[in-house]
There are 2 protein chains.
Amino acid sequence: VKLHRSAQRRKTGEFLAEGANAVEAALDARHALRLFHTAELGHREAGLVGRAHAAGIEVYPVSAKSARQLGDTITPPGLVAVCRQVDVPLDTVLHALPTMLAIPVGVAEPGNAGTLIRVADAVGVDAVIFLGDTVDPHNGKCVRATAGSLFHVPIVRTHDVAATLDVLSALGIRLLAAAADGEVDLDHAEELLAGPVAWLFGNEAHGLDPAVAARADHRVRIRIHGRAESLNLAAAAAICLYTNARVRHGSSG
Amino acid sequence: VKLHRSAQRRKTGEFLAEGANAVEAALDARHALRLFHTAELGHREAGLVGRAHAAGIEVYPVSAKSARQLGDTITPPGLVAVCRQVDVPLDTVLHALPTMLAIPVGVAEPGNAGTLIRVADAVGVDAVIFLGDTVDPHNGKCVRATAGSLFHVPIVRTHDVAATLDVLSALGIRLLAAAADGEVDLDHAEELLAGPVAWLFGNEAHGLDPAVAARADHRVRIRIHGRAESLNLAAAAAICLYTNARVRHGSSG
């Protein structure tokens, strides 16, 4: 239960994944350490519980009341895995010569962060780098919003914005800032998207720090046809990353 | 305060818009009926309060405690407008010969519904049609997620799915269902996107009802390059509608 608190997650290097989909993804990724289930869920998800046993994971039947305390959703699923945290060092990602990175900078809202991880997984990014002062991707609401993608795509957490961007530039990775007032229209950015690219996305309320946007190689805007002033973070990331993947995979016609 | 409840909203035809951005959009759209503000916000947003006075809207200074009851956010903004509801009849939208419509079918979560309205506004759809059994777009969480777009784009609410789709078809509007297993790849759907189009998006948990998907003229899938099984509703809608707008405005190269 203490793992609902970020301080405890930091201390133990563990976190909670709730529900059958998240637990299955955790088992697939070999990140599950212990599994707790109610009698009802143990019956309904007997296959998953069997897989956990076979993998040598400690399995604990618990009462519905305990499950409610373990789960932090309003309707607790009665199936919760304690997992090893997923984040990897930046060097691990960079050694694999990434060609598409998603970099949320200072993202604060866990639902947005989780949705971004899910989008990034869907479009096939090589990693998501949580840069600067961001929400913990192991936060329960974030884990749920990823719908399992937290276990699919490498996640990096690093605080030093300037140093990280310098390292990426030194490796020849083009830095693109998603910015409402960017000088490049995404519709006409195809030539910028061909090589290794890192997309910088700003905080949901305040956008990207102007200094970070200025540090990028290009600032890319999504053309707004209606009267909305901007798009929300996950929608903007979905459009930028999907367009990048479309150009990358040569299906623009 | 009663307008936080959907039954009361239905009875009065009114709803609440909180915060400076939403109140400004409500004033622009001439939907604000009454404005409540704390002393602090009346000072900080004197321009908006002045506009409300000039427009003949009743303005009520309230205590911080009353403002907390009026607002349903955790940090109430101290500025709340009672507004006339925004939805218009389907016929009004159809008489304007729409060429791009977004149709969430059975959408239940207010945050998703609001984000969809914001995305639809940004890409320039002619209207958003809430079809079937959906969340009330005047729900407080939905209003906030639209970031003002609720007042920009025409909203229709209609329950009869089959009759509505028949009317759209009879007008020559192509029905495209966003579906993970669709037979058309969005990357290769350009010729389908040139004429009048209505996009059908399913419930966030259960997807589109198979009967509704089968009723559409085509089912369109977003190519998944990674290991995510699907995209969330707003991200999928952002990608489909943005691609539609890009093709429509002839900027595919």
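This section reports on the structure supplied with the text. Please read all numbers here as calculations on a predicted model, not as lab measurements. In this numbering scheme, every chain counts its residues from 1 along its sequence in written order. All chains are assigned letters beginning with A, and all ligands numbers beginning with 1, in the order in which they are written. Local features are withheld for residues below a pLDDT of 70 in this predicted model, meaning they are given only at 70 or higher, and side-chain atom pairs are given and counted only at 80 or more; totals for whole chains, interfaces and linings count all residues. Calculated side-chain values reflect all of the structure's heavy atoms, with hydrogen atoms and water omitted.

### Details of the nonpolar core
Note the cut-off: In this text, buried Ala, Val, Leu, Ile, Met, Phe, Trp, Tyr and Cys residues form a nonpolar core when linked through side-chain atoms within 4.5 Å. Think of it in three bands: residues with accessible area under 20% of the maximum for their type are buried, residues over 50% are exposed, and the middle band is partly exposed, with areas taken using a 1.4 Å probe on protein chains only.
Within the largest apolar cluster, 128 residues are counted, with the highest numbers of intra-cluster contacts made by Trp199, Phe201 and Leu241 of chain A together with Trp199, Phe201 and Leu241 of chain B. Core analysis: the second largest hydrophobic core is formed by 22 residues, Ile103, Ala177, Ala213 and Ala216 of chain B among them.

### A look at the sheet that holds strand β6 (residues 127-131) of chain A
Residue and element names in this part refer to chain A. Convention followed: Two strands pair under a simple rule: DSSP has to find at least two bridges between them. Runs of E in the DSSP output that reach at least two residues are strands. Runs of H or I that reach at least four are helices, and both are numbered from the N terminus. In this description, contact between two residues means that some pair of their heavy atoms is separated by no more than 4.5 Å. Geometry is summarised by axes, namely lines fitted to C-alpha atoms with helices restricted to the contacting stretch, and by angles between N-to-C directions that run from 0 to 180 degrees.
Spatially, seven strands are ordered β7-β6-β5-β10-β8-β11-β9 in an open sheet, and the strand pairing comes out parallel. At either end of the open sheet lies a strand with only one pairing partner, and these are β7 (155-158) and β9 (184-185). In this structure, strand β8 (residues 174-178) lies alongside strand β11 (residues 218-221), joined through three bridges in parallel fashion. From the neighbouring strand, Ala178 faces β11, where its bridge partner is Val220. Here helix α11 (residues 233-248) sits on the sheet and contacts β5 (100-104), β8 and β10 (197-201); the angle it forms with β10, its principal contact strand, is near 170°.

### A few points about the layout of surface pockets
Residues and elements named next belong to chain A. We count it as follows: For each structure, a 1 Å grid was placed over the protein atoms alone; sets of points admitting a 1.4 Å probe that cannot get out are labelled cavities, open sets with protein on both sides within 12 Å along at least five of seven lines are labelled pockets, and lining residues have an atom within 4 Å of a point. Grid points are joined across faces, edges and corners, and a volume is the space filled by probe spheres set on the points. Asp, Glu, Lys and Arg are counted as charged, while Ala, Val, Leu, Ile, Met, Phe, Trp, Tyr, Cys and Pro are counted as nonpolar; the rest, among them Gly, fall into the polar class.
What the second largest pocket holds in volume is close to 230 Å³. As for the second largest pocket, its lining consists of Ser6, Arg9, Arg10, Gln85, Phe130, Gly132, Asp133, Thr134, Asp136, Arg157, Thr158 and His159. At three residues, helix α1 (residues 6-12) tops the list of elements feeding residues into the lining of the second largest pocket. Split by residue class, the lining of the second largest pocket holds one nonpolar, six polar and five charged.

### Re the relation of the copies chain A and chain B
How we decide: Least-squares fitting of one copy onto the other uses the C-alpha atoms of those residues that reach a pLDDT of at least 70 in both copies.
Expressed as a screw transformation, the operator carrying chain A onto chain B has a rotation angle of 180° and an axial translation of 0.0 Å, and the superposed copies differ by an RMSD of 0.0 Å. Such a combination of turn and shift is consistent with a two-fold rotation axis.

### A look at the packing of α11 of chain A against helix α11 (residues 233-248) of chain B
The condition that has to hold: Geometric relationships in this document are graded by angle, where less than 35 degrees denotes roughly parallel, more than 145 denotes roughly antiparallel, 65 to 115 denotes roughly perpendicular, and other angles denote oblique. Here a crossing is called left-handed whenever its near helix is offset anticlockwise from the far helix by less than a right angle, and right-handed whenever the offset is clockwise.
Packing of α11 of chain A against α11 of chain B brings their axes to within 9 Å, and their N-to-C directions diverge by 60°. Classified by the interaxial angle, the pair formed by α11 of chain A and α11 of chain B is oblique. Helix-helix and strand crossings are classified by hand; for α11 of chain A and α11 of chain B the assignment is right-handed. Contact with α11 of chain A, carried on its side by Ala235, Ala238, Ile239, Tyr242, Thr243 and Arg246 of chain A, involves Ala235, Ala238, Ile239, Tyr242, Thr243 and Arg246 of chain B of α11 of chain B and no other residues of that element. Of the residues belonging to the contact of α11 of chain A with α11 of chain B, the class tally is eight nonpolar, two polar and two charged.

### Comments concerning the pattern of salt bridges
Cut-off, in case you're wondering: Each salt bridge in this description consists of a side-chain nitrogen of Lys or Arg and a carboxyl oxygen of Asp or Glu lying within 4 Å of one another.
Enumeration over the complete set of coordinates arrives at 22 salt bridges over all chains. In this structure, the salt-bridge partner of Arg51 of chain B is Asp28 of chain B, at a minimum N-O distance of 3.0 Å. In this pair, Arg51 of chain B is assigned in helix α4 (residues 46-54) and Asp28 of chain B in helix α2 (residues 19-28), connecting sequence segments 23 residues apart. For Arg51 of chain B, a relative accessible area of 35% translates into the label partly exposed. For Glu40 of chain B, the salt bridge goes to Arg44 of chain B, with nearest N and O atoms at 2.8 Å. Here Glu40 of chain B and its partner Arg44 of chain B are both found in helix α3 (residues 39-44), four residues apart, which amounts to about one turn of the helix. Each of Arg9, Asp136 and Arg157 of chain A takes part in salt bridges that share partners, so that together they form one network.

### Let's talk about the packing of aromatic side chains
All names here are of chain B. For clarity, the threshold we go by: A pair of aromatic rings is counted whenever rings of Phe, Tyr or Trp (Trp by its six-membered ring) have centres within 6.5 Å, and the orientation is called stacked for planes under 30 degrees apart, edge-to-face for over 60 and tilted otherwise.
One pass over the structure, following the stated rule, counts six aromatic pairs over all chains. On the numbers, 5.9 Å between centres and 25° between planes, the contact of Phe15 with Phe151 is stacked. One end of the pair, Phe15, is in strand β1 (residues 14-18); the other, Phe151, is in the loop between α8 (140-146) and β7 (155-158), and 136 residues separate them in sequence. In this pair, the class of Phe15 matches that of Phe151, namely buried. Here the aromatic rings of Phe36 and Tyr60 are separated by 5.1 Å at their centres, their planes lie at 20°, and the arrangement is stacked. Note that Phe36 is positioned in strand β2 (residues 32-37) and Tyr60 in strand β3 (residues 58-61), a separation of 24 residues in sequence. We classify Phe36 as buried; its relative accessible area is 17%. Residue Tyr60 is classed as partly exposed on the basis of its relative accessible area, which comes to 32%.

### Here we look at the environment of Ile173 of chain B
Residue and element names in this part refer to chain B. In this fold, Ile173 is placed in the loop between α9 (161-170) and β8 (174-178). When the C-alpha positions of Ile173 and Ala198 are compared, they lie 6.5 Å apart, and in sequence the two are 25 residues distant. When neighbours within four sequence positions are excluded, Ile173 is seen to be in contact with Pro98, Leu101, Leu168, Pro196, Val197, Ala198 and Asp217.

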